[in-house]
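# Coordinates in review
Single-letter residue listing:
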Amino acid sequence: MIGIGVSSGIGMGKTIIKKEPTIKLKKNHIDNPEREISILNDAREKGKEQIEALYQHAFNTIGKKEAGIFRAHKMILEDPDFFGQIESKIKEEMVNAEWAISEVANFFIEMFEAMEDEYMRERVADIRDVTGRLIKIVLGIEDTDLSNLTEPVIIVAEDLTPSDTAQMDRKKVIGFITEVGGKTSHSAIMARTLEIPAVVGLENATELISNGDYVILDGDTGNVIINPEREVIEEYSRKREEYIEFKKKLEEMRGQKSITKDCFEVEIAANIGTPKDVEGVLLNDGEGVGLYRTEFLYMDRDRLPTEEEQFEAYKEVAVKLEGRPVVIRTLDIGGDKELSYLPFPKEINPFLGYRAIRLCLDQTDIFRTQLRALLRASAYGNIKIMFPMISAIEELRQAKGILEDVKNELRSEGIMFNENTEVGIMIEVPAAAVMSDLFAKEVDFFSIGTNDLIQYTTAVDRCNGNIAYLYNEFHPAVLRLIKKVIDNGHKEGIWVGMCGEVAGNPQLIPVLIGMGLDEFSMSASSMLRARWIVNNLSKREMEGLVDEILKLPTAEEVKDFIAQNVNIN
Ligand code: PEP
Ligand code: MG
């Protein structure tokens, strides 16, 4: 069986199935609403106590960041609006407390689920967790206790709530499998933090696997094998040993430079979406932030963020990074990311439409506010400004012109900023890649956005599942463009980075080293592995391979060639 591998490693052992009690809620007509409200309030208090205990447990055993989720849960329990709506439902419709809780919860769940942003959609898990807890308290249902496991087990569940994962004894839980979830669901994030191998999205897992079954799960491939033959167990035992050895090697990478055997030094940095993510960057020994996607600041609210709010966020990141560089990308909205409060034209091709820099150059008040905040924050750390979706020189010149205006404005107001703030562009549109020789004369750096560069170069919508098989980072056209951009950047003496997913791809890192890429920006958890790969390579050797690779006609051949010719052990 195959699910989605979300946390690396091999888990092997007996299973315990955690099934949520099936609660069939009934709508009861009540005649004493005050009594229901008092039941609701008691449950609310008890819920707060439970969550506080979970917070303390998580804080002591996992860490402050992960415990933070329970602060969010407590906030839901402290939200007067949320409880006001439940109370009104009880009073106006004369219904029982648990029914009212579930109705109001469903209202919010549907609202969040309808949002485009995956992060917001995943917040649905918080509402479910908290309201599920409340309903169980009201009905007097006890939860399965995961904190008192006596032997090592693999947990199989429909889903694991943050409350479940926070209770887990990491020495006893050697893996988990869930039916729902994706790479960014809470259970997946927790699994990675706790370093527990995990597979999610395995449909009907709680039906197909029984309590006490012996299961092997591979957190990289998503493979799950139930009651395997002895030879399979032996094969996976070997894999597990190798993985443990590999993890030890990665730990040794901490505090080291990212430098090839023949002394070509690069920067390994992280992609972040919020100031909170900086913790993960530091935890994984990142050398900086190669992409701060500022759109989350705009998506997390029901109006545009003010200059002050933005300034605080950018400053926080710069300060926390203590001098390490941070590339902050100006608003990249549109395409698949919309703002509820900003009208977007209905378009047939939103990815080719009114988005990112195009919107900013049209609605310059939004752009100016962001640039003011960015420049002000530049006084507090090593901030670099980056424009997304640039496709023509005029756009760059216009954006830089507005930046100069804003600088003059700040100067005349006597507000400090870093006069030497570097300005760069994302190379994610083929036109910019083809013209990179000329763009390089007008910017301080390039960052290649392969997520979009692949979709635009190969005309394959990155969100369309029907043609996902065509979306290929090994496509020779993409690799040729990347090489061109790096060469053109270097000819003009500017540094060239990459912040699309390809930068963290273990098969392509050697190729990028051969091409001379200077900076690699990826998810924080991939950074140590990337450093390990870089430190085991010889740039000169990779240069030779790049010449061969760029002659190959198909993605498949490129992939095979790399597999056969790059050995980094
Ligand atoms: C990219 O396009 O490669 C990129 C990093 O930006 P995003 O994924 O935010 O479009
Ligand atoms: Mg992009």
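Residues numbered from 1 in each chain as written. Chains lettered and ligands numbered in written order. Predicted model: local features only at pLDDT ≥ 70, side-chain atom pairs only at ≥ 80, totals over all residues. Heavy atoms only, no water.

### Examining the pattern of salt bridges
- Per the counting criterion, the structure on display carries 37 salt bridges.
- Across the pair R376 and E307 runs a salt bridge whose closest N-O atoms are separated by 2.7 Å. In this pair, R376 sits in helix α15 (residues 364-377) while E307 sits in helix α13 (residues 307-320), placing the two residues 69 residues apart along the sequence.
- Classification of R376 by relative accessible area gives buried; the value is 13%.
- The buried category is assigned to E307, whose relative accessible area is 19%.
- Connected through salt bridges with shared partners, the residues E307, E308, R368, R372, R376, D405, E409 and E413 form a single ionic network. (Salt bridge = Lys/Arg side-chain N within 4 Å of Asp/Glu carboxyl O. Helix = DSSP H or I, 4+ residues; strand = E, 2+ residues; numbered from the N terminus. Buried < 20%, exposed > 50% of the residue type's maximum accessible area, 1.4 Å probe, protein only.)

### Let's talk about helix α4 (residues 97-113)
- Look at α4: 24 Å from first C-alpha to last across 17 residues, which is about the 24 Å you get at 1.5 Å a residue.
- Taken together, the buried positions of α4 are occupied by A97, E98, W99, A100, I101, S102, V104, A105, F108, I109 and F112. (Expected span 1.5 Å × (residues − 1).)

### With respect to the environment of Q370
- Here Q370 is to be found in helix α15.
- Along the sequence, Q370 and S412 sit 42 residues apart, while their C-alpha atoms lie 18 Å from each other.
- With near-sequence residues (within four places) excluded, Q370 lies in contact with T294, Y298, Q310, Y314, R329, T330 and L331.
- Only 3.0 Å separates the side chain of Q370 from the side chain of T294, close enough to count as a polar contact.
- A polar side-chain atom of Q370 sits 2.8 Å from the main-chain amide nitrogen of L331. (Contact = heavy atoms within 4.5 Å. Polar contact = N/O pair within 3.5 Å; in protein donor to acceptor, adjacent residues only side chain to side chain.)

### Brief notes about the sheet that holds strand β3 (residues 153-157)
- Read from one edge to the other, the open sheet built from seven strands follows the order β1-β5-β4-β3-β2-β6-β7, with strand pairing classed as mixed. Each edge of the open sheet carries a strand with a single partner, namely β1 (4-7) and β7 (224-226). Neighbour-to-neighbour, the strand axes of the sheet open up by a mean angle of 30°, direction not taken into account.
- The strands that helix α8 (residues 186-194) touches are β1, β4 (173-178) and β5 (198-200); relative to β1, the one it contacts most, it runs at about 45°. (Pairing = 2+ DSSP bridges. Axes fitted to C-alpha atoms, helices over the stretch in contact; angles between N-to-C directions.)

### Considering the domain arrangement of the protein
- Taken domain by domain, the protein holds domain 1 (4-20 + 145-234), domain 2 (33-139) and domain 3 (260-565).
- Here the C-alpha centre of domain 2 lies 26 Å away from the C-alpha centre of domain 1.
- Listed per partner, the contact involves 14 residues of domain 1 and 17 residues of domain 2.
- Interface of domain 1 and domain 2: buried area, both sides summed, is about 1,200 Å²; carbon and sulfur atoms make up 58% of it.
- Connecting domain 1 to domain 2 are zero salt bridges.
- Taken together, the links from domain 1 to domain 2 amount to zero residue pairs in polar contact (both at pLDDT 80 or more).
- At the level of secondary structure, the elements contributing two or more residues to the side of domain 1 that touches domain 2 comprise α7 (162-167) and α8.
- If you tally residues by element for the side of domain 1 that touches domain 2, the top one is α7, at five residues.
- Its residues assigned to classes, the side of domain 1 that touches domain 2 comprises four nonpolar, eight polar and two charged. (Domains from an automatic or database assignment. Buried area = accessible area lost by both parts, 1.4 Å probe. Nonpolar A, V, L, I, M, F, W, Y, C, P; charged D, E, K, R; others polar.)

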